[in-house]
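What follows is the residue order along each chain.
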Amino acid sequence: MRIRTLVVGLAVGSLALTACGKEGEPGTGGTQGTGANNEAQLPTYQVAQNVDVAGSPTFAKVKGRGGLIIGVKDDQPGLGQKDATTGKYSGFDIEIAKLVAASLGYDESKITYKPVQSASREQAIANGDIDYYVGTYTISDKRKQQISFAGPYFEAGQDLLVRKDDNSITGPETLKGKKVCSAIGSTPIQRVREQNLTEPGNIVEFQKYSECVDKLVSKQVDTLTTDDAILKGYAAQDPDQLKVVGKPFSKEPYGIGLNKDDKALRDKINDTLQKALDDNTWQKIYDATLGKSGAAAQKPVINRY
Ligand code: GLU
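Below you will find a few notes about this structure. Keep in mind the model is a prediction, meaning the values are calculated, not measured.

All right, on to the site of the ligand then. Taken together, the neighbourhood of the ligand is formed by 17 residues, with Ser118, Thr136, Thr138, Tyr209 and Asp227 sitting nearest. Contacts to the ligand include arginine 121, whose side-chain N or O atom sits 2.9 Å from an oxygen atom. Between the ligand and threonine 136, the relevant distance is 2.7 Å, taken from an oxygen atom to a side-chain nitrogen or oxygen of the residue. Contact with the protein chains covers 100% of the free accessible surface of the ligand, which is 280 Å².

Attention now moves to the sheet that holds strand β4 (residues 89-90). Read across the sheet, three strands follow the order β2-β3-β4 without closing on themselves; strand pairing throughout is antiparallel. A strand with exactly one partner marks an edge of an open sheet, and here the two such strands are β2 (75-76) and β4. Summarising the sheet, strand β3 (residues 80-82) and β4 pair through two bridges and their orientation is antiparallel. Residue pairing across strands places lysine 82 opposite tyrosine 89, the latter belonging to β4.

We now examine the nonpolar core. One broad trend across soluble globular proteins is that nonpolar side chains are buried collectively. Grouped together as the largest cluster of nonpolar side chains are 59 residues, with contacts concentrated most on Phe92, Tyr132, Phe154, Leu161 and Ile256. Of all the elements, helix α4 (residues 92-103) adds the most residues to this core, at eight residues. Counting residues in hydrophobic clusters, the runner-up holds 10 residues, among them Ala124, Ile125, Ile147 and Phe149.

The next thing to look at is the environment of isoleucine 96. In this structure, isoleucine 96 sits in helix α4. Owing to a relative accessible area of 0%, isoleucine 96 belongs among the buried residues under this scheme. Excluding anything up to four places from it in sequence, isoleucine 96 contacts Val134, Tyr153, Ile256, Leu273, Trp282 and Ile285.

Scanning the model with the defined rule gives one cavity of 30 Å³ or more in all. The calculated volume of the largest cavity comes to roughly 50 Å³. As for the largest cavity, its lining consists of 13 residues, of which Arg121, Thr136, Pro188, Tyr209 and Asp227 are closest to the centre. When residues of the lining of the largest cavity are traced back to their parent elements, those giving at least two are α7 (187-194) and β11 (223-227). Classifying every residue of the lining of the largest cavity gives three nonpolar, six polar and four charged.

The next point concerns the state of the cysteines. Taken as a whole and assessed by the stated rule, the structure comprises one disulfide. In this model, cysteine 181 is linked to cysteine 212 through a disulfide, with the two sulfur atoms separated by 2.1 Å. Handedness here is read from the sign of the S-S torsion; for cysteine 181 and cysteine 212, about -75°, the answer is left-handed. Of the two residues, cysteine 181 sits in strand β9 (residues 180-183) while cysteine 212 sits in helix α8 (residues 209-217), which places them 31 residues apart along the sequence. Residues cysteine 181 and cysteine 212 agree in their burial class; the two are buried.

The alternating pattern of β9 places Val180 and Ser182 on one face and Cys181 and Ala183 on the opposite face, and all of these are buried. Pairing of β9 with strand β10 (residues 203-206), which is carried by four bridges, proceeds in the parallel orientation. Along β10, the bridge assignment pairs cysteine 181 with valine 204. A crossover links β9 with its parallel partner β10, the connecting element being α7, and its sense is right-handed. The pairing of β9 with β11 spans two bridges and is classified as parallel. Paired with valine 180 across the bridge in β11 is threonine 223.

Structurally, lysine 144 can be placed in helix α6 (residues 141-144). In this structure the C-alpha to C-alpha distance between lysine 144 and leucine 258, which are 114 residues apart in sequence, comes to 9.8 Å. Once residues within four sequence positions are removed from consideration, lysine 144 is found in contact with Ile139, Phe149, Lys260 and Tyr305.

Counting across every chain of the model gives 11 salt bridges. Here arginine 143 and glutamate 122 are joined by a salt bridge, their closest N and O atoms 3.5 Å apart. Linking arginine 143 in helix α6 with glutamate 122 in helix α5 (residues 121-127), this pair joins segments that are 21 residues apart in sequence. For arginine 143, a relative accessible area of 7% gives the class buried. By relative accessible area, which is 12% here, glutamate 122 ends up buried. Between aspartate 279 and lysine 275 there is a salt bridge, with the nearest N and O atoms lying 3.6 Å from each other. When its relative accessible area of 57% is taken as the criterion, lysine 275 is described as exposed.

Definitions and cut-offs
- Residues numbered from 1 in each chain as written.
- Predicted model: local features only at pLDDT ≥ 70, side-chain atom pairs only at ≥ 80, totals over all residues.
- Heavy atoms only, no water.
- Near = heavy atom within 4 Å.
- Polar contact = N/O pair within 3.5 Å; in protein donor to acceptor, adjacent residues only side chain to side chain.
- Areas by Shrake-Rupley, 256 points an atom, 1.4 Å probe, with all protein chains shown as cover.
- Pairing = 2+ DSSP bridges.
- Helix = DSSP H or I, 4+ residues; strand = E, 2+ residues; numbered from the N terminus.
- Core = buried A, V, L, I, M, F, W, Y, C linked by side-chain atoms within 4.5 Å.
- Buried < 20%, exposed > 50% of the residue type's maximum accessible area, 1.4 Å probe, protein only.
- Contact = heavy atoms within 4.5 Å.
- 1 Å grid on protein atoms, 1.4 Å probe; cavity = no way out; pocket = protein on both sides within 12 Å on 5 of 7 lines; lining within 4 Å.
- Points joined across faces, edges and corners; volume = space filled by probe spheres on them.
- Nonpolar A, V, L, I, M, F, W, Y, C, P; charged D, E, K, R; others polar.
- Disulfide = S-S within 2.5 Å.
- Right-handed = clockwise from strand over helix to strand, strands pointing away.
- Salt bridge = Lys/Arg side-chain N within 4 Å of Asp/Glu carboxyl O.

The structure is reproduced here in structure tokens:
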């Protein structure tokens, strides 16, 4: 739990960023246990009783099974991370997954988390391998051809993670000739290709972002590009070696991925998200998770369709 000790001293939001100067170096300004938000606690979610989601085939399946199977990420600190020792999942996305589960009548003991990497998400949802997916999943028209999205419940932006001593990469326009790493099937790697940000031969792809982090530290690539929220979590884990450039160059609205035809479930999840935004639950989740690694809070506007 190195991330916790490093960043626990931070206040949240812009205050924190001002206080410690540079984005992406959230540990540096913190003093443990002094500020008001240091001890930000996760909220608890009231488990709804006698729930029915009329007309939802997914919910009918869940009911028959007596529990939920939720697709998540497992290597993204602050968002969706599996603790190697305890096997427990934690992070902003995990809390959103639990919030939704509670509104459907299931507490955490009834959740099975299934790690699904970026490239396999549409397939896992379309196949019905998971009931819904919560894991830094950008809402896009292309993906909407196969699945649907509730939300957005957060807005991130594409950014760059570099070695701390590298001042040659300062934005997307500085990537030519650099080895750029990202995850297969992600919107950031698609943008690198479409906008020709580096030469095709300099693009390195893995299933998981954590593999890019390893390659960045061992100098086999020059940068990892994906959402700032993800990168800030990696930088917070290793502030001596890594930093985030801090100039986001896209909008990545995060949605909850679900079956394309299940409008009833989508409406239900949107109701749950709206309530959490209105009653401060969303803010509490943010403060106790992402807020600690310095990602800026953007309250999203739910987009119903
Ligand atoms: N939000 C981006 C995407 O959905 C990048 C993060 C990820 O791969 O999960 O592709």
